[in-house]
Every structure is written in C-alpha cells, then in structure tokens.
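One letter stands for each residue in the lines below.
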Amino acid sequence: MLNEKVANLLNLQVNREFYSAYLYLELANHYAEEGLNGFSNWYKIQAQEERDHAMLFIQFMQNNDAKVVFETIEKPEVELNDNLTPLKVGLNHEVYVTNLINNIYDAAHETKDFRTMQFLDWFIKEQGEEETNASDLVKKMELFGSDPKGLYLLDQELGARVYTAPSLVL
Ligand code: MG
C-alpha cells in the first residue's frame, strides 16, 4: 500500500502530466498558425511524451493498488505574441514540473517509500533532460531566430524530431 500523502501527490501528477500535454499542444498550435511546422512538430511530440508520463503514473499507481481519480484538466492560459515566448513558457513549465517531481520524491523519502523513490528516479533524470532541451531551444532561438534563414534552419531541425516511447517500462 502506498502512503496516503504519496498516493494523493501521484494522483495529482497524473492530472498535471495531462495538463503538460495540453499546454504543449497549445504551443504546437501557435507554431502551426505561424507556419512553423517544425516547431509545431517538436511540441506535438513533447505533448505525446507528457501523455506517456501520465500513463506511467497511472500504471505505477495501479500496480500498487492505488485508486486513480481524474480531475478537470485546466485550460492553458498563455499569451503567445511571438515565436520566442512559447519556448520560454516551455522552459518555465519544465522547471515547475521538476519541482513537482521533487516534492513527490520528498514525500516518498519522508515515509521511507523506496519503491516510489525508485520509480521517480527515472523522472528526475528525465526532468534534467527536459530542462536542458528547453533551455537549449531558447538559446538557439535567441541566437538565430531573428534571421529568416536561421529561423528556417531551426524549423527544419525541429521538424526532424521523431517520437520515441519512454525508456521506462513498468
Ligand atoms: Mg512530464
């Protein structure tokens, strides 16, 4: 049995991962409207990853006989007036998610819930990668985004990203 506080935080995280998928689709929609289909592709894949994360939390909970309760997924409220802002929104969101994961880890650690800690290890590593990727994108956009040729090449690069399922299997 999972500790009640840990189970509640895991359940909350299911909703937050689905929200992340929603938010990233919002960013993908912005870029699609701008004709930047490579950027849009990148965020669509990002959204797929977030859905995968939600599914992993659900599976982990169910493997441990914890009840999953769905809540309403919030509407993303972001103002996207240019092509750099979505990337910064993405970076800030990943930093926020890292904090959420750390909080669950903290609660698991407090109750000596080593199984949940081990499950979360993958997410801690994943968050490190997510933050690096998001931060690299902001830097690249700041360096090359104001030049049409630079923006075109960046869009090509992001358009080449393909979806791969998460390496964590439960
Ligand atoms: Mg995630």
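Refer to the structure presented above.
Residues numbered from 1 in each chain as written. Predicted model: local features only at pLDDT ≥ 70, side-chain atom pairs only at ≥ 80, totals over all residues. Heavy atoms only, no water.

(A) The arrangement of the overall build of the chain in detail. Looking only at helices and strands, the chain has five helices and zero strands in total. Secondary structure of the chain in N-to-C order comes out as α-α-α-α-α. Relative to a compact globule of 170 residues, whose C-alpha radius of gyration would be 15 Å, the chain shows 17 Å and is just as compact. Expressed as lengths along the three principal axes of its C-alpha atoms, the size of the chain is roughly 55 × 30 × 25 Å. With 170 residues in all, the chain has 46% of them scored as buried. Within the chain, residue pairs in contact and separated by at least 24 positions form 81% of the contacts whose partners lie at least 6 positions apart. Accessible surface, the chain as shown: approximately 9,500 Å² in total, 51% of it carbon and sulfur. Across the chain, the mean location of the 14 positive side-chain charges is 3 Å away from that of the 28 negative side-chain charges. (Helix = DSSP H or I, 4+ residues; strand = E, 2+ residues; numbered from the N terminus. Rg over C-alpha atoms; globule rule 2.2 N^0.38 Å. Buried < 20%, exposed > 50% of the residue type's maximum accessible area, 1.4 Å probe, protein only. Contact = heavy atoms within 4.5 Å. Areas by Shrake-Rupley, 256 points an atom, 1.4 Å probe, with all protein chains shown as cover. Lys, Arg positive; Asp, Glu negative; His and termini not counted. Charge placed at Lys NZ, Arg CZ, Asp CG, Glu CD.)

(B) Representation of the packing of helix α2 (residues 37-63) against helix α4 (residues 114-144) within the structure. At their nearest, the axes of α2 and α4 sit 12 Å apart, and the two run at 170° to each other. Judged by the inter-axis angle, α2 sits roughly antiparallel to α4. Contact with α2, carried on its side by Phe39, Trp42, Tyr43, Gln46, Glu49, Glu50, His53, Leu56, Phe57 and Phe60, involves Arg115, Thr116, Phe119, Leu120, Trp122, Phe123, Glu126, Glu130, Asn133, Leu137 and Met141 of α4 and no other residues of that element. Among the residues forming the contact of α2 with α4, the class breakdown is twelve nonpolar, four polar and five charged. (Axes fitted to C-alpha atoms, helices over the stretch in contact; angles between N-to-C directions. Parallel < 35°, antiparallel > 145°, perpendicular 65-115°, else oblique. Nonpolar A, V, L, I, M, F, W, Y, C, P; charged D, E, K, R; others polar.)

(C) The arrangement of the pattern of salt bridges in detail. Per the stated rule, a full pass over the model turns up five salt bridges. We note a salt bridge from Lys140 to Glu157, for which the minimum N-O separation is 2.6 Å. Placement of Lys140 in helix α4 and of Glu157 in helix α5 (residues 148-159) is noted, with a sequence separation of 17 residues between them. (Salt bridge = Lys/Arg side-chain N within 4 Å of Asp/Glu carboxyl O.)

(D) Region of the structure containing the packing of α2 against α5. Following both chains from N to C, one finds α2 and α5 inclined at 35°, their axes separated by 7 Å at the closest point. In this structure, the crossing between α2 and α5 has a hand that is left-handed. Seen from α2, the contacting residues are Asn37, Gly38, Phe39, Asn41 and Trp42; seen from α5, they are Leu151, Leu154, Asp155, Leu158 and Gly159. (Left-handed = near helix turned anticlockwise from the far one by under 90°.)

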